[in-house]
Amino acid sequence: HQRRLEPKTWGAKMRRLWGMWKLWVLATALLGLQDVALGQSWPSKTIRVVVPFSAGSATDIIARAIFDKVSAEVRQPIIIENKVGAGGTIGSADVARSEPDGHTILLNSSSHTVTPATYASLPYDTLNDFAAIIPVGSLPNVLIVSKTKGYNTLKDLVEAAKAKPGSLNYGSAGPGSASHLTAERLRLSAKFEAVHVPFKGAPEVLREVVADRIDFYFSPLLPARSLLATGQLKAIAVSSGKRAAALKDVPTTVEAGVPNSNYEFWVGVFVPAKTPKSIQERLYAEIKKALDSSEIKERMSKLGADPMPMTSAEFTKLVRDEVAMNKALVKAAGIKPN
């Protein structure tokens, strides 16, 4: 026989449940009000923006341009702190460990989605320790060659590589760097062999391409721009999904005949994952306002950065998709984690 609750017992239980539900609703409302208040009061002190790359790099220059504008709008000082080393992981770890109050911000490049694949162990969880706020721009990597090579198109380069497997080499800014993975994605998609020659950074590789000792290199546009303008180097493709505004006559690698070869290089803003949602939303709104200003649009254009309009949710999905893609790419290319 089933036991039935007596009417009095049933009524008491329902009253308790009703009381608990009212308390839950009240607590949720109070937390919501508290969260809104935090967003309205942010920022209440100096903001620190950590850039995990050296001063003068494209990421650093973009950070200073945007956050100068944000600082003027929010009426609080914003300092840029360059914490360089270990592929950007030292600066990222600093932000992951910081107080989640919106006063410590990470401005990182797409290397943020590379390090989970190229480092055997990280001092943070890329996907769970950060909240992705907004991408501030896409910086196309340009496939450049020396004019003396005689490669006028990407097809010319691929055919030369296939004619003598392993005879061509390519430069990068180091193992696991964006320029390394961009070249590997092209190489695997086009199915040719080439020897990887790592350097410390773009200036060193560019010198070797000009000297005709490196056959090709996916360079950030900014350091290569003057060499392209003077004709010392030739751009035969860009790695991004669409043509670069600064190089409208240069096709993407996909347009040039190699499917699944595009590789985006972007710069974006992150905060510790536990930062209140209202502060995240306020930060997104302030940065978007800065990016929409004619002043910042002009400065970004001069840097060769293309707009990358996305919501925080869309940016979060992009980060997750790229982490998965980079892990698969590193495995396919046989790159050993550090």
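Our subject is the structure listed above.
The rules behind these values
Residues numbered from 1 in each chain as written. Predicted model: local features only at pLDDT ≥ 70, side-chain atom pairs only at ≥ 80, totals over all residues. Heavy atoms only, no water. Helix = DSSP H or I, 4+ residues; strand = E, 2+ residues; numbered from the N terminus. Buried < 20%, exposed > 50% of the residue type's maximum accessible area, 1.4 Å probe, protein only. Contact = heavy atoms within 4.5 Å. Pairing = 2+ DSSP bridges. Axes fitted to C-alpha atoms, helices over the stretch in contact; angles between N-to-C directions. Phe/Tyr/Trp six-rings, centres within 6.5 Å; stacked < 30°, edge-to-face > 60°.

1. A few points about the overall build of the protein chain
Point 1. Secondary structure assignment for the protein chain yields 11 helices and 10 strands.
Point 2. In terms of its C-alpha atoms, the protein chain occupies a principal-axis envelope of roughly 95 × 60 × 35 Å.
Point 3. Counting over 338 residues, the protein chain shows a buried share of 49%.
Point 4. Restricting the contact set of the protein chain to residue pairs at least 6 apart, pairs at least 24 apart contribute 78%.

2. Digging into the sheet that holds strand β8 (residues 216–220)
Point 1. Pairing in this open sheet of five strands is mixed, and the strands run β7-β6-β8-β5-β9 from one edge to the other. The sheet is open, and its two edges are formed by β7 (195–198) and β9 (233–238), each paired on a single side. Here the average twist between neighbouring strands, direction ignored, is 35°.

3. Points about the packing of aromatic side chains
Point 1. A full pass over the atoms with the stated rule returns seven aromatic pairs.
Point 2. Measuring from ring centre to ring centre gives 5.3 Å for W266 and F315, while their planes differ by 85°; the resulting arrangement is edge-to-face. Pair noted here: W266 is in strand β10 (residues 266–272) and F315 is in helix α11 (residues 312–333), with a separation of 49 residues, a long-range link.
Point 3. Classification of W266 as buried rests on a relative accessible area of 0%.
Point 4. Both rings, one in F270 and one in F315, keep their centres 5.3 Å apart while their planes meet at 40°; by these two values the pair is tilted. Of this pair, F270 sits in strand β10 while F315 sits in helix α11; the two residues are 45 residues apart in sequence, bridging distant segments of the chain.
Point 5. Note on F315: relative accessible area 0%, which makes it buried.

Geometric values such as these leave the question of function open.
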